[in-house]
Amino acid sequence: MKTLGLSLLATTLLAGACAAQDDDLGYDEAQLATYRSALPTRARLEAGQATATTATLLGEPAVYPHASADVILGINGTVGITVDLLDIITSIPPTVYNSDTNEFFWGPYQDDDFGYGAAYIREAGPGADFQYEYAFLRGVSNDLATLTPIVYGGATPDPLNEDHGVGVTVWDMTAADAFAAEFDPNYDASQAESGRFAALFAAGPDEDDPESTVTAVVAVFRDAVFKDSEDDLPVDLDYFYGHVENAENTFDFVDIEGDIDVTEPTDGIAERIGIRMAFVDGGTGRAEADALGGSLASGQSFQAIECWDTSLNQTFISGNVSENGTSSEVQSLGVPEDCGDFNMSLDDLGVPRLEDVDADLLAALDEVASNGL
């Protein structure tokens, strides 16, 4: 996908300088700021990642924080694209304000590469799930009828804190690539992308501890193929991740389930994997993982538990292969007590898991990620 770059940003800033002022459009800055607060932010959507607080000089690096790094970077990279596309175009004064529909509209602005870009934020109608809805759109001209939504969603922000609230956002790679394939004269089919990313988020004070802030995100990729993919296998992944922060420390959890080729070297056959992790202050933590199918023999499954310290040095690991009711240990280091505060299972520690999420919410995310608008 060709994103709006600095050249377009400069063009839009120049256009904004010549546009009508706020008074002429009939809105004030406070009203515009309220609408902008409905847009997704990195703080709302990014997944936490274990990162060593000191250099790893001795010991064995922990497996699962490193193994899941690319997946989490993929989530956060996708979040960055959706946030940046909307931020760039809505950072300047809107082109139009419609007081009848309570809508701000930006563009269409011509992209130096090809086509036009536009965006809107508007109040949702009666009975809608969220207070506001928004979109970033591409088109072949400044005719609004040609515009195709690439990023879209809705939100109900917290008026007291721009990083709090609830909402949903979707990045439609299939729509973006289809637009580029039809209208970009320099389109490279070898760099084609497809699929969709959809995320539902909620952030705000902890009901049981108002001094703590809780952020939780449920997200899915469906049929996702990325331009830098090594095997071009479509990716279907479900995520549930969250962040709890107070004056003393931070706590993060991640639950990833999906089909990924995890064999080394890769053989192009995806295993069904699950990785749950929890960690404190970006360091000390625990992972619980499993895999089945793919290159594993029929009836086989793999389970592992791992703990690490603040430097992401492995302090404990236990890996087992199960088949026909028999379990065989394939790797081990240390004893469970070496996990310290994480010497109990993540369930016993009360760490949320993907299965805790309401089934109807997961079904709704699956629907929009699978089929789009």
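In case you missed it, the structure is sitting above this.
As a starting point, this report considers the structure included with it.

Parameters and conventions
Residues numbered from 1 in each chain as written. Predicted model: local features only at pLDDT ≥ 70, side-chain atom pairs only at ≥ 80, totals over all residues. Heavy atoms only, no water. Helix = DSSP H or I, 4+ residues; strand = E, 2+ residues; numbered from the N terminus. Buried < 20%, exposed > 50% of the residue type's maximum accessible area, 1.4 Å probe, protein only. Areas by Shrake-Rupley, 256 points an atom, 1.4 Å probe, with all protein chains shown as cover. Disulfide = S-S within 2.5 Å. Salt bridge = Lys/Arg side-chain N within 4 Å of Asp/Glu carboxyl O. Core = buried A, V, L, I, M, F, W, Y, C linked by side-chain atoms within 4.5 Å. Contact = heavy atoms within 4.5 Å. Pairing = 2+ DSSP bridges.

For the protein chain, the count of helices and strands is eight helices and 15 strands. Across the 373 residues of the protein chain, 44% fall into the buried class. Surface summary for the protein chain: the accessible area is close to 17800 Å², and the carbon and sulfur share equals 51%.

To continue, consider the state of the cysteines. In this structure the tally under the stated criterion is one disulfide. For cysteine 307, the disulfide goes to cysteine 339, at an S-S distance of 2.0 Å. Its torsion about the S-S bond being 90°, the disulfide of cysteine 307 and cysteine 339 is classed as right-handed. Of this pair, cysteine 307 sits in strand 13 (residues 300–308) while cysteine 339 sits in the loop between strand 15 (326–333) and helix 8 (359–371), and the two are 32 residues apart along the sequence.

With that settled, consider the pattern of salt bridges. Tallied over the entire structure, the rule returns 13 salt bridges. A salt bridge links arginine 222 to aspartate 366; the shortest N-O distance between them is 2.7 Å. Within this pair, whereas arginine 222 is found in strand 8 (residues 213–225), its partner aspartate 366 is found in helix 8, the two being separated by 144 residues in sequence. Of the charged contacts in the structure, one is a salt bridge between glutamate 288 and arginine 286, with a shortest N-O distance of 2.9 Å. Note on glutamate 288: relative accessible area 17%, which makes it buried. Classification of arginine 286 by relative accessible area gives buried; the value is 6%. In the salt-bridge network here, residues are joined through shared partners; they are Arg276, Asp347, Arg353 and Glu355.

What follows covers the nonpolar core. Looking at soluble globular proteins, one finds that nonpolar side chains tend to be buried together. With 60 residues, the main nonpolar core has Tyr64, Trp106, Tyr239, Tyr241, Met277 and Trp308 as its most contacted residues. The residues touching methionine 277, leaving out its near neighbours within four places in the chain, are Tyr64, Pro65, Ser68, Ile72, Asp252, Phe253, Val254, Arg286, Ala287, Trp308 and Leu346. Listed in part, the 27 residues of the second largest apolar core include Phe130, Phe240, Phe316 and Val357.

Along strand 3 (residues 116–123), six of the eight residues are buried, which leaves the element largely enclosed by surrounding structure. As defined by bridge partners, strand 2 (residues 103–110) adjoins strand 3 across six bridges and the pair is classed as antiparallel. The residue bridging glutamine 110 from the neighbouring strand is tyrosine 116, located in strand 3. The antiparallel pairing of strand 2 with strand 3 creates a hairpin that spans five residues between the two strands, and glycine 115 there sits at a positive phi of about 70°. The pairing of strand 3 with strand 4 (residues 132–139) spans eight bridges and is classified as antiparallel. Within strand 4, the position partnered with arginine 122 by the bridge is glutamate 133.

For glycine 154, the location among the structural elements is in strand 5 (residues 148–158). Along the primary structure glycine 154 and valine 166 are separated by 12 residues, whereas in three dimensions their C-alpha atoms are 8.7 Å apart. Ignoring anything within four residues of it in the chain, the contact list for glycine 154 reads Phe130, Tyr132, Glu133, Tyr134, Gly167 and Val168.

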